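Listed below, chain by chain, are the residues.
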Amino acid sequence: MTNVDFNCPEYRRIRKAYVTQCTVEHLVYLLTVDAFLAKLLSYLNFSDALIGVITSFTSVAFLFQLFSILLVQTRISTKKIVVTLDVISQLSFLIIYCIPFVPLSGDVKRIAVVLFVILGQIGKTVIESLYFKWANAYVDPSVRAMFSARKEMISLFCGIIFSTTVGYFVDRFEGLDNMRGAFIFISSVMLILNIINFVSFLLIKDEDTDERIQMRVPIKEVLAHIRDNKIYRNYVIIAVYSSLYGSFLGGFLGIYKVKELAMSMLFIQIVGVVADFTRMGVSIPIAKFSNKYGFASGMQLASLLSLAAHVIIVFTAPQTWYLIIPYTLLTSAAAAGSTQNSFNINYTLLPTKYMSQAMAIQRTLCGIASAISILLAGNIFDTVQKSGIAIFGIDLYPQQFMAIIMIPFMTSTIILKHIFVVRPLKKIYSKA
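Residues numbered from 1 in each chain as written. Predicted model: local features only at pLDDT ≥ 70, side-chain atom pairs only at ≥ 80, totals over all residues. Heavy atoms only, no water.

## What to know about the overall build of the protein chain
The number of helices and strands found in the protein chain is 19 helices and two strands. Computed over the C-alpha atoms, the radius of gyration of the protein chain is 21 Å, within 12% of the 22 Å expected from 2.2 N^0.38 for a compact globule of 432 residues. For the protein chain, the spread of C-alpha atoms along the principal axes amounts to about 60 × 50 × 40 Å. In the protein chain, the share of contacts with a sequence separation of at least 24, taken over all contacts with a separation of at least 6, comes to 86%. Carbon and sulfur atoms make up 68% of the accessible area of the protein chain, which totals about 18900 Å². (Helix = DSSP H or I, 4+ residues; strand = E, 2+ residues; numbered from the N terminus. Rg over C-alpha atoms; globule rule 2.2 N^0.38 Å. Contact = heavy atoms within 4.5 Å. Areas by Shrake-Rupley, 256 points an atom, 1.4 Å probe, with all protein chains shown as cover.)

Laid out in structure tokens, this is it:
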């Protein structure tokens, strides 16, 4: 898009709809991860290991981004593709909270939950790169990092109010021994959010399908570019490497908070509120840092914060349950640097014509690695939980042991990214 007035009324309206949609999607996301989903899975008698695997499906769903390459090649409008698959995704997440009311056996209900969680994650993931490129076409490239930061801050602020309110009502229902009432409440809220989400999509102008078709690039050419683009190739390899261990812990923390650490839903949400305020507070400074030193450097900063958080988890046990608070604050701050930079760095490393396909290929490879990671994590978790493990005579919970495994891998990832991505980019910038 050249000679475009990004400040015209139409583009401003589209960006407002984009921000609204992202905010609503974030609220739905909060209901489908961590403690909320763990409550549902526990109610349906899932094992702790399986709960951890299921709540990690977000990473595995990247495996299906390969389908987005095929979608780019079709003559169906981008808007129709994105809206259709997103509606399927959102309805799938809503349905999982309705499953406890279906008159089926426990095994069938558990299978249904797994299938709909997978379907929801696939629908969301397949359109991710396509939607990102489409919606960001209406954002001025010169302020993209700041726009992303502000958009994220709005989502977080709404999420603070939302998660605290929902957590309060879920606790009230649980106190009355009425978890079914809690699930009705959550599903009703999700239905309202789905409607707002759908309307927001309708307000975003479709891109020119003919232009998209004309710009499509044969997959062989995309693969050749990834092979020859040394820095991006290294970035993809490191991303895949980090995905091999990236799902070792996150999916198992929701059940850890609820069971071993005996935290109430309200307290979990309060900690989440503080963490979201932390993320809001660092979003703009990290965005400025990323604009000044590059998106890769912003991701490195996030990786260092995440590493510190995982060191804290090693020492987090029922007796030191309060350590989950600094862990949550650090991971939230890290997310401010990783979430948007992981997308924006593609603008630095890739020509626009390769972006959707290259991102899909990268995330598909990461999805394969995450699938391996989750299978390994589930087996390790189950083994440690059944047999127990001690280091220096100290008994460890599976989550602590998983963090110990991750720390050296996280450290090596930071070093590799600095050598093969950050440093080469700095040399290019210094010559420019």
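## Some thoughts on the environment of E25
Structurally, the position occupied by E25 is in helix α1 (residues 9–31). Once the C-alpha coordinates of E25 and I313 are considered, the two residues, 288 residues apart in sequence, prove to be 29 Å apart.

## What about the packing of helix α16 (residues 295–314) against helix α17 (residues 324–349)?
Packing of α16 against α17 leaves a shortest axis separation of 7 Å and a crossing angle of 155°. Comparing the axis directions of α16 and α17 gives the class roughly antiparallel. Two packed elements cross with a definite hand, and for α16 against α17 that hand is left-handed. Residue composition of the contact of α16 with α17, by class: 16 nonpolar, ten polar and no charged. (Axes fitted to C-alpha atoms, helices over the stretch in contact; angles between N-to-C directions. Parallel < 35°, antiparallel > 145°, perpendicular 65-115°, else oblique. Left-handed = near helix turned anticlockwise from the far one by under 90°. Nonpolar A, V, L, I, M, F, W, Y, C, P; charged D, E, K, R; others polar.)

## Structural notes on the environment of G378
Locating G378 in the fold gives a position in helix α18 (residues 355–387). G378 sits in the buried class, given a relative accessible area of 11%. In sequence terms G378 and I160 are 218 residues apart; their C-alpha atoms lie 31 Å from each other. In contact with G378, not counting residues within four places along its chain, are A49, V53 and F252. (Buried < 20%, exposed > 50% of the residue type's maximum accessible area, 1.4 Å probe, protein only.)

## Notes on the side chain of N136
Counting through the fold element by element, N136 comes out in helix α8 (residues 128–136). Excluding anything up to four places from it in sequence, N136 contacts Y18, Y131, R144 and Y347.

## Points about unusual backbone geometry
Keep in mind that most residues, glycine aside, have a negative phi and that most peptide bonds are trans. With phi around 65°, N45 is a residue other than glycine that occupies positive phi space. Among the secondary structure elements, N45 is positioned in the loop between α2 (34–43) and α3 (48–54). At D177, a residue that is not glycine, the phi angle is positive and equals roughly 55°. By relative accessible area, D177 is classed as exposed at 72%.

## Observations concerning the packing of α8 against α17
The interhelical angle for the contact between α8 and α17, taken along N-to-C directions, is 70°, at an axis separation of 12 Å. Here α17 runs roughly perpendicular to α8, going by the angle between their axes. Seen along the crossing, α8 lies across α17 with a hand that is right-handed. Contacts between α8 and α17 involve E128, F132 and N136 from the former and F343, N344 and Y347 from the latter. In terms of residue class, the contact of α8 with α17 is made up of three nonpolar, two polar and one charged.

## Comments concerning a nonpolar patch on the surface
On the surface, V87, L91, I95, L191, I195, F198, V199, L202 and L203 cluster together into a nonpolar patch covering about 720 Å² of accessible area. Mapped onto the nonpolar patch, the elements with two or more residues apiece are α6 (78–96) and α10 (179–202). It is α10 that provides the largest number of residues to the nonpolar patch, a total of five residues. Checked against the element boundaries, L202 lands in helix α10. For L202, a relative accessible area of 43% corresponds to the partly exposed category. (Patch = residues over 30% accessible without salt bridge, like charges linked within 9 Å, V, L, I, M, F, W, Y side chains within 5 Å. Salt bridge = Lys/Arg side-chain N within 4 Å of Asp/Glu carboxyl O.)

## Remarks on the packing of aromatic side chains
The tally for this structure, following the rule as stated, stands at 20 aromatic pairs. Measuring from ring centre to ring centre gives 5.6 Å for Y18 and Y131, while their planes differ by 85°; the resulting arrangement is edge-to-face. Taken together, the positions of Y18 in helix α1 and Y131 in helix α8 put the pair 113 residues apart, joining distant regions of the chain. A residue is classified by how much of its surface remains accessible, and Y18, at 4% relative accessible area, is buried. Accessibility expressed as a relative area gives 8% for Y131, which makes it buried. When the centroid spacing of 4.6 Å and the interplanar angle of 15° are considered together, the rings of F252 and F381 count as stacked. Taken together, the residues F252 in helix α14 (residues 250–258) and F381 in helix α18 connect sequence positions 129 residues apart. The class for F252 is buried, based on a relative accessible area of 1%. Here a set of aromatic residues connected by ring pairs shows up, and it is made of Y18, Y131, W134, F147 and F201. (Phe/Tyr/Trp six-rings, centres within 6.5 Å; stacked < 30°, edge-to-face > 60°.)

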